[in-house]
Amino acid sequence: MRDPGDAGGFDCLAVIGVGLIGGSFALAARRRGVARRVVAAARKAETLAIALDRGIADEVTDDPAQAAAQADLVYIAAPVRATESILQAIAPVVRPDALVTDAGSTKRDVVAAIHRHLGPHLAQVVPAHPIAGAENSGVEAAFADLYSGRKVVLTPLAQSSPEAVERVRAAWQACGATVVDMTPEALRRRLAHGNVYPADRIDAAMSNYFRPGNLAALRELALLWVADRVEDQLQEYLLSLLHI
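(A) Expanded view of the nonpolar core. Counting residues in hydrophobic clusters, the biggest one holds 46 residues, and the most contacted among them are Leu13, Tyr75, Tyr147, Leu154 and Trp172. Those elements giving two or more residues to this core turn out to be strand 1 (13–16), helix 1 (20–31), strand 2 (38–41), helix 2 (45–53), strand 4 (73–76), strand 8 (151–154) and helix 6 (162–174). At 7 residues, the largest contribution of residues to this core is made by helix 1. Sequence-distant contacts of Tyr147, that is, excluding residues within four places in its chain, are made with Ile21, Ser24, Phe25, Tyr75, Pro130, Ala132, Trp172, Cys175, Gly176 and Ala177. Ranked by size, the runner-up nonpolar core spans 27 residues in total, among them Cys12, Ala78, Leu87 and Ala91.

So this is what it looks like as structure tokens:
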């Protein structure tokens, strides 16, 4: 077993929720040497078959606990509404040397669920929010360069160990992302005012907004609009409709 403070590669990455976001992280992690082996978990057999066929994962399962039990890095990339049940499922099997992170678009509910289910492992948990998306969604659309040049916000818990934070940061940086740290509330405020997004990306999204079929531009604007302007549950629902 590896020391959780070791900032090097991981022996096994478990990706729970292997769509665009999770699948792209797995592909980047494999290409950049972040993980030697990838286990993917998802509900649909078709999704798992595609993950195997595309080389996103070495092993697949419909059981999040089976994936997490093998991993020294667990990445939860499922919709936020599924996070609670996933955390409950993996809690008994999280290894003492494993780190846990996520891609949840709303952090308040995620952090509360983490405290409820991963209490003994809080030092190993580093929540995150990648600011990334693409016009298409699902495991078929995953690609290794999704995070290149994109911003990823880490929202460490008060209990997150410095070593855990640095290892998760190093993993994201290896995948090409620019990593910043914020509290969950600071992230909500920055999203609400558009400060997480470069001005040129906002301008481009505006200029492309009315082009038929350009969902990427709509996603950019949707993130700016819904953040901190509606209740978390409605925010997550709207984002899920847009596959962000």
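(B) Local environment of the pattern of salt bridges. Applying the stated criterion across every chain, the model contains 10 salt bridges. Where Glu166 meets Arg169, a salt bridge forms, and the shortest distance between an N and an O atom there is 3.2 Å. Taken together, the residues span about one helical turn, with Glu166 and Arg169 both in helix 6 at a distance of 3 residues. Where salt bridges share partners, they join Arg31, Arg32 and Asp145 into one cluster.

(C) How the structure looks around the packing of aromatic side chains. What the rule picks out here adds up to 4 aromatic pairs. Consider the rings of Phe25 and Tyr75, whose centres lie 4.5 Å apart with planes at 45°: the pair is tilted. One end of the pair, Phe25, is in helix 1; the other, Tyr75, is in strand 4, and 50 residues separate them in sequence. A ring pair is formed by Phe25 and Trp172, whose centres lie 4.6 Å apart and whose planes are at 55°; its orientation type is tilted. With Phe25 in helix 1 and Trp172 in helix 6, this residue pair connects regions lying 147 residues apart in the sequence. Through a chain of ring-to-ring contacts, three or more aromatic side chains come together here, namely Phe25, Tyr75, Tyr147 and Trp172. A cation over a ring is seen here: Arg167 above Phe10, with NZ or CZ 3.8 Å from the ring centre.

(D) Geometry of the packing of helix 4 (residues 83–90) against helix 5 (residues 107–117). In the contact formed by helix 4 and helix 5, the axes pass within 9 Å of each other and the chain directions differ by 20°. Comparing the axis directions of helix 4 and helix 5 gives the class roughly parallel. Once helix 4 is placed against helix 5, the crossing between them reads as right-handed. Contacts from Thr83, Glu84, Leu87 and Gln88 of helix 4 reach helix 5 at Val110, Ala113, Ile114, Arg116 and His117. Partitioned by chemical class, the residues of the contact of helix 4 with helix 5 number 4 nonpolar, 3 polar and 2 charged.

(E) Fine view of the sheet that holds strand 4. If you walk across this open sheet you meet the 6 strands as 3-2-1-4-5-6, and the pairing is parallel. At either margin of the open sheet sits one strand with a lone partner, and together these are strand 3 (59–61) and strand 6 (125–126). Bridging between strand 2 and strand 3 involves 3 bridges; their strand directions are parallel. Across the sheet, the residue bridging to Ala40 is Val60, located in strand 3. Packing against the sheet, helix 4 makes contact with strand 1 and strand 4, and its axis sits at approximately 155° to strand 4.

Rules of the game
- Residues numbered from 1 in each chain as written.
- Predicted model: local features only at pLDDT ≥ 70, side-chain atom pairs only at ≥ 80, totals over all residues.
- Heavy atoms only, no water.
- Core = buried A, V, L, I, M, F, W, Y, C linked by side-chain atoms within 4.5 Å.
- Buried < 20%, exposed > 50% of the residue type's maximum accessible area, 1.4 Å probe, protein only.
- Helix = DSSP H or I, 4+ residues; strand = E, 2+ residues; numbered from the N terminus.
- Contact = heavy atoms within 4.5 Å.
- Salt bridge = Lys/Arg side-chain N within 4 Å of Asp/Glu carboxyl O.
- Phe/Tyr/Trp six-rings, centres within 6.5 Å; stacked < 30°, edge-to-face > 60°.
- Lys NZ or Arg CZ within 6 Å of the ring centre and 35° of its normal.
- Axes fitted to C-alpha atoms, helices over the stretch in contact; angles between N-to-C directions.
- Parallel < 35°, antiparallel > 145°, perpendicular 65-115°, else oblique.
- Left-handed = near helix turned anticlockwise from the far one by under 90°.
- Nonpolar A, V, L, I, M, F, W, Y, C, P; charged D, E, K, R; others polar.
- Pairing = 2+ DSSP bridges.

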